[in-house]
Amino acid sequence: NKVVAMLLLGFGRSVVGVGLGLGLVGSRCCVSAASTSSLSPLTRAASCLWLSATQRSFNIVSSRVGSMDQVQTVKFSSSVQLGSEVYETDKYVNEYLAYHFGQDKEDYMPYTDGPQKAVDFNVRIAEKCVKYLNPETSTPTRALDIGCAVGRACFELARTYDDVVGIDFSQAFIDCCNVLKDRGSLPYTRLDEGENYSEKVAEVASDIDRSKCSFQQGDACALPDGLGKFDTILLANLFCRLPHPEACIKQLPGLMKEGGHVIATSPFSWFEEFTPKDKWFGGSEGKSSRDGLLGFMEANGFEIVEEGSIPFLIREHARKYQLVFPHLGVWRYKGQ
């Protein structure tokens, strides 16, 4: 089942269609070295890339920031499930790098009449976690970010916590996290309009100890064993992208230190392509997702200590943004 092909690696451009056209799902594809002079900065950062036809993606395996002349051998694997494949694509990797690391730049939201208070969600949610960290807690202080995406909140949590673990289902996101941990920066492209892009660089602040963070690919509904106990667990805008969100919640008691807190946000944007309707917290037959979430959390030993909303903003291009007001809940673990 091995197929050998010479591909110009365009990281999510026409080459992906070529790969899919070859019918490579379930096989392994060895790709010869090719010139990368026309690749995006994000692709040029990678010295070895992993192409997944089932995910229609390229994932960074190891990275070197800067220009490159050759791409090493690439092997195709179909180890990641379908369902959230959009988060493996070049488009979403770049959008999320901008969402996490570009919002403190003046040109991310340059409009004075725009929603300025929705900028830098990942910094604000990390500050919310720190607010509820018990100053008398046993050391080391530990935080877990389930659905960490490209890692900005994890790095911000490392300002305060001794140990921060980030988990995401997207291998592409986790690869970016590990590059940022190792190198401190990662180039990406940001769409301006049409086919016009700007070259940007995601950077972790120099005063953050990146060694406090660790990242791994994982399933929020079936978390890996051996994670240990945490003072704080963050689930930011995750529930409505899970196939079984209640299964995620049921794991939380086994991960909490006594008196620890869960900080969770969700816009409750339910779609059956991500979550079967019978697994939604609400949003059908007149049922409230907020009420359903509170019921699941209380059944698993958590009491609500703060509730509200916390806006976030995602830039699609220079004149189009997503403005979202997710539900915010802070829960203290009181035991079962």
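Just so you know, the residues in each chain are numbered from 1, in the order the chain's sequence is written. Only residues with pLDDT of at least 70 get local features here, since the model is predicted, and only at 80 or more are side-chain atom pairs given and counted; chain-wide, interface and lining totals rely on the full set of residues. Side-chain measures here rest on the full set of heavy atoms in the structure, leaving out hydrogens and waters.

(A) Seen up close, the sheet that holds strand β11 (residues 256-266). Between any two strands, at least two bridges found by DSSP are needed for them to pair. What counts as a helix is a DSSP run of H or I of at least four residues, what counts as a strand is a run of E of at least two, and both are numbered from the N terminus. Across the sheet, seven strands lie side by side as β9-β6-β5-β10-β11-β15-β12; this open sheet has mixed pairing. A strand with exactly one partner marks an edge of an open sheet, and here the two such strands are β9 (213-217) and β12 (302-309). Shown here is a sheet whose adjacent strand axes are inclined to one another by a mean of 15°, direction ignored. With seven bridges connecting them, β12 and strand β15 (residues 327-333) associate as antiparallel partners. Axis angles are defined between N-to-C directions and span 0 to 180 degrees, where every axis is a line fitted to C-alpha atoms and, for a helix, only to the segment in contact.

(B) Quick look at the pairing of strand β8 (residues 196-203). For strand β7 (residues 185-193) and β8, the ladder comprises eight bridges, and the chain directions are antiparallel. Residue pairing across strands places E193 opposite N196, the latter belonging to β8. What sits between the antiparallel neighbours β7 and β8 is a turn of two residues, in which G194 has the positive phi angle 55°.

(C) Spatial organisation of the confidence of the model for the protein chain. A residue's pLDDT is simply how confident the predictor is in it, with values from 0 to 100. Looking at the protein chain as a whole, its pLDDT mean stands at 80, while 75% of the residues score no less than 70. Residue contacts are defined here by distance: any two heavy atoms, one from each residue, within 4.5 Å place the two residues in contact. A low-confidence stretch, residues 1-82 stays under pLDDT 50, and its non-local contacts, those more than four residues away or across chains, total 178 contacts.

(D) Molecular detail of the packing of aromatic side chains. The pairing test for Phe, Tyr and Trp rings, Trp by its six-membered ring, is centres within 6.5 Å, and the orientation test on the planes gives stacked under 30 degrees, edge-to-face over 60, and tilted for anything in between. With the rule as written, the count across this model stands at 18 aromatic pairs. Taking the centre distance of 5.1 Å and the plane angle of 35° together, the rings of Y96 and F173 count as tilted. Here the residue Y96 occupies a position in helix α3 (residues 90-101), and F173 occupies one in helix α6 (residues 171-183), the gap between them amounting to 77 residues. A simple rule labels every residue: compare its accessible area, found with a 1.4 Å probe on the protein chains alone, to the largest value its type can have, and call it buried under 20%, exposed over 50%, or partly exposed in between. Under the relative-accessibility criterion, F173 is labelled buried at 2%. Judged by centre distance (5.4 Å) and plane angle (80°), the ring pair of W270 and F281 falls under edge-to-face. One end of the pair, W270, is in the loop between β11 and α8 (289-299); the other, F281, is in the loop between β11 and α8, with eleven residues separating them in the sequence. By relative accessible area, which is 9% here, W270 ends up buried. Residue classification places F281 among the buried residues on the basis of a relative accessible area of 6%. Three or more aromatic residues joined by ring pairs form one cluster here, namely Y87, Y92, Y96, Y99, F121, F173, F274 and F312.

(E) Main features of α8. When we look at burial in α8, the residues that qualify are S289, G292, L293, L294 and M297. Residues of α8 that are buried make contact with α7 (245-251), β11, β12 and β15. Side-chain atoms alone can form a polar contact between residues adjacent in sequence; in general such a contact is a pair of N or O atoms within 3.5 Å, and within protein one must be able to donate a hydrogen while the other accepts it. If you check the start of α8, you find a side-chain oxygen 3.2 Å away from the backbone N of R290, and it comes from S288. Just past α8, the residue G301 takes up positive phi, approximately 95°.

(F) Summary view of the pattern of salt bridges. In what follows, salt bridge is the name for a side-chain nitrogen of Lys or Arg lying within 4 Å of a carboxyl oxygen of Asp or Glu. One pass over the structure, following the stated rule, counts 17 salt bridges. Of the charged contacts in the structure, one is a salt bridge between K128 and E306, with a shortest N-O distance of 2.6 Å. Of the two residues, K128 sits in helix α4 (residues 121-131) while E306 sits in strand β12, which places them 178 residues apart along the sequence. Members of the salt-bridge network, linked through shared partners, are R152, E156, R159 and D207.

(G) The arrangement of unusual backbone geometry in detail. At N237, a residue that is not glycine, the phi angle is positive and equals roughly 55°. Within the element layout of this structure, N237 appears in the loop between β10 (230-236) and α7. Of note in the backbone geometry, E285 takes a positive phi value of approximately 55° without being a glycine. By the secondary structure assignment, E285 is in the loop between β11 and α8. Judged by relative accessible area, E285 falls into the exposed class, the value being 75%.

(H) Representation of the nonpolar core within the structure. Counting 53 residues, the largest nonpolar core has Y96, L97, F101, I125, F155, L180 and F215 as its most contacted members. Among all residues touching F101, those that are not within four sequence positions of it are V150, G151, R152, F155, L180, A202, E203 and V204. Among the buried residues, those of types Ala, Val, Leu, Ile, Met, Phe, Trp, Tyr and Cys that are joined through side-chain atoms within 4.5 Å form a nonpolar core. If you look at the next biggest cluster of nonpolar residues, it comprises 33 residues, including A220, L227, F239 and W270.

(I) Representation of the side chain of S198 in the model. Within the secondary structure, S198 is located in strand β8. Within the structure, S198 has its side chain in polar contact with the side chain of D192 (distance 2.4 Å). Among all residues touching S198, those that are not within four sequence positions of it are Y188, T189, R190 and D192.

(J) A look at the environment of S185. Along the polypeptide, S185 turns up in strand β7. Taking C-alpha positions, S185 is 4.3 Å from E203, a pair spaced 18 residues apart along the chain.

(K) Quick look at the state of the cysteines. Counting rule for disulfides: a pair of cysteine sulfur atoms within 2.5 Å. Per the counting criterion, the structure on display carries zero disulfides. Not part of a disulfide, C129 finds its nearest cysteine sulfur in C154, a span of 9.7 Å. Under the relative-accessibility criterion, C129 is labelled buried at 0%.

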